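Structural characterization, general
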Amino acid sequence: MELLDMVIVGGGAAGLTAAVYARRAGLRFVMLDVASSMGSQLTQTDEVENYTGLGKIGGMELIMKFREHAQSMGAPMSDESVKTIAESDGVFTVTASKNTYTAKTVVYCAGASHRPLGVPGEAEFSGKGVSYCAVCDGFFCRNKTALIVGGGDTAVSEALYLAKICKQVYLVHRRDEFRAAKALTDRLGECENVTCFMNAELAEISGESRVTSVTFKDGRSLDVDGVFVAVGIVPNSQLIRPLAECDSAGFVKAGESGATSCEGLFVAGDVRTKPLRQIITACSDGANAVNSAVDYLNR
Ligand SMILES: Cc1cc2nc3c(=O)[nH]c(=O)nc-3n(C[C@H](O)[C@H](O)[C@H](O)COP(=O)(O)OP(=O)(O)OC[C@H]3O[C@@H](n4cnc5c(N)ncnc54)[C@H](O)[C@@H]3O)c2cc1C
């Protein structure tokens, strides 16, 4: 089996940028992604307006641009799901759904997934009115009533998206102020069909074959056709937790260099400990991690 310089795990914002930098560095590598980057969180984003130089752009369009860029440079990619990553004597063995690869370094960019709300009815009605992605599932609430739970950028962006297609939108946040950027909350104030419930928490999601209502912890209830949960993310770090030190939430401990507690294993994007999880910082991480890996290979 050929010993590669690098395997890049994940083909989102971080992984595709890593692929561009690895190609420019002349490395022998492969970038692995479950499904042609379609698992990236960018695909769940209606409109991105904070990626420098591009103005407003759809999340799907942006990930396709990232992918086409890496492809145009000849970056080797394979659509397969990584199952295990093991390290022995400085060589990583990456077992994926189609092939097994060996490499001197791994740049791990598997991103993050939604955090569940954890209330009764959530799991039961998941896919039957409970969703974690308004862009993916908002159509089932077209001209109906949708409720979003959360107070960050994602929750407010989802509310803005749903306000365009739903009759009524409720936004429920457990604190008295949103954490989302002011530019987003200002736009929310302009939407006549959005009602915010602050200092409020859901106790239960109810329905029959699909969601029909929610109950708050204070006993109030609302009739809704859909519930969109946007209460944060959990890192997709499972595969490297046995190798690299993580914080209590599971984010892989690494600074800007992407270097982890395991020599030769680098992380980039939402999966690492950092203050701001965004597309532009994920791209920056991808570049930094490959740069660090090149230094490691040349040591
Ligand atoms: C709804 C929503 C709206 C957002 N809006 C914005 C915004 O407006 N502006 C902004 O800057 N950021 C926004 N973000 C955040 C932004 O999308 C993320 O910060 C960014 O995508 C992180 O990049 P990443 O490469 O770390 O992860 P991702 O882009 O999520 O990519 C991870 C990739 O890893 C792959 N993968 C995972 N596990 C495996 C495995 N075992 N094997 C192979 N492949 C694997 C996945 O398929 C995926 O393609 C938003 C996020 C969400 C959810």
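This text goes with the structure placed above it.
Our subject in this report is the structure included herewith.

Cut-offs used in this document
- Residues numbered from 1 in each chain as written.
- Predicted model: local features only at pLDDT ≥ 70, side-chain atom pairs only at ≥ 80, totals over all residues.
- Heavy atoms only, no water.
- Helix = DSSP H or I, 4+ residues; strand = E, 2+ residues; numbered from the N terminus.
- Rg over C-alpha atoms; globule rule 2.2 N^0.38 Å.
- Buried < 20%, exposed > 50% of the residue type's maximum accessible area, 1.4 Å probe, protein only.
- Contact = heavy atoms within 4.5 Å.
- Areas by Shrake-Rupley, 256 points an atom, 1.4 Å probe, with all protein chains shown as cover.
- Lys, Arg positive; Asp, Glu negative; His and termini not counted.
- Charge placed at Lys NZ, Arg CZ, Asp CG, Glu CD.
- Near = heavy atom within 4 Å.
- Polar contact = N/O pair within 3.5 Å; in protein donor to acceptor, adjacent residues only side chain to side chain.
- Nonpolar A, V, L, I, M, F, W, Y, C, P; charged D, E, K, R; others polar.
- Pairing = 2+ DSSP bridges.
- Disulfide = S-S within 2.5 Å.
- Axes fitted to C-alpha atoms, helices over the stretch in contact; angles between N-to-C directions.
- Right-handed = clockwise from strand over helix to strand, strands pointing away.

1. A few points about the overall build of the protein chain
Looking only at helices and strands, one finds six helices and 19 strands in the protein chain. Taken over C-alpha atoms, the radius of gyration comes to 21 Å for the protein chain, in line with the 19 Å a tight globule of 299 residues would show. Overall size of the protein chain, expressed as C-alpha extent along the three principal axes, is 60 × 40 × 35 Å. Evaluated residue by residue, the protein chain yields a buried proportion of 49% over its 299 residues. Of all intrachain contacts in the protein chain linking residues separated by at least 6 positions in sequence, the fraction that spans at least 24 positions is 59%. In the form shown here, the protein chain has an accessible surface area of approximately 13,900 Å², with 47% of it arising from carbon and sulfur atoms. Computed over 29 positive and 35 negative side-chain charges, the inter-centroid distance for the protein chain is 2 Å.

2. What about the site of the ligand?
The environment of the ligand is formed by 31 residues, the closest being A14, D33, S40, D270 and I279. At a separation of 2.8 Å, an oxygen atom of the ligand approaches a polar backbone atom of D270. One nitrogen or oxygen atom from the main chain of R277 is found 3.5 Å from an oxygen atom belonging to the ligand. Protein coverage of the free-state accessible area of the ligand, which is 1,000 Å², stands at 91%. Among the elements of the structure, α1 (13-24), β2 (29-33), α4 (153-165) and α6 (279-297) are those that each provide at least two residues to the shell around the ligand. In terms of residue class, the shell around the ligand is built from 11 nonpolar, 14 polar and six charged.

3. A closer look at the sheet that holds strand β13 (residues 194-197)
Consider a sheet: its strands pair through backbone hydrogen bonds, and that pairing is either parallel or antiparallel. Taken in spatial order, the five strands line up as β10-β17-β11-β12-β13 in an open sheet, and their pairing is parallel. Each edge of the open sheet carries a strand with a single partner, namely β10 (130-131) and β13. Direction of pairing for strand β11 (residues 145-149) relative to strand β12 (residues 168-172): parallel, over a ladder of five bridges. Note that in β12 the partner of T145 across the bridge is Q168.

4. Re the state of the cysteines
Taken as a whole, this structure holds one disulfide when the rule is applied. For C133, the disulfide goes to C136, at an S-S distance of 2.0 Å. Its S-S torsion of about 75 degrees marks the bond between C133 and C136 as right-handed, since a negative value means left-handed. Judged by relative accessible area, C133 falls into the buried class, the value being 5%. In this structure C141 is not part of a disulfide, and its nearest cysteine sulfur, from C166, lies 5.1 Å away. For C141, a relative accessible area of 0% translates into the label buried. Looking at the unpaired C191, the closest cysteine sulfur is the one in C196, lying at 9.2 Å.

5. Points about the sheet that holds strand β14 (residues 202-207)
Here we have three strands laid out as an open sheet, ordered β14-β15-β16, and antiparallel in their pairing. Edge positions in the sheet fall to β14 and β16 (221-223), since each of these pairs with one other strand and no more. Strand after strand, the sheet turns through a mean of 20 degrees between neighbouring axes, direction not considered. Pairing geometry for strand β15 (residues 211-216) and β16, over three bridges, is antiparallel. In the strand pairing of β16, T215 is matched with S221.

6. Examining the pairing of β12
Among the five residues in β12, four count as buried, and that is most of the element. With α4 bridging β11 and its parallel neighbour β12, the resulting β-α-β unit is right-handed. Relative to β13, β12 is paired through four bridges, and the arrangement is parallel. Pairing of L171 across the sheet is with C196, part of β13. As for the winding sense of the linkage, the β-α-β connection from β12 through helix α5 (residues 182-189) to β13 is right-handed.

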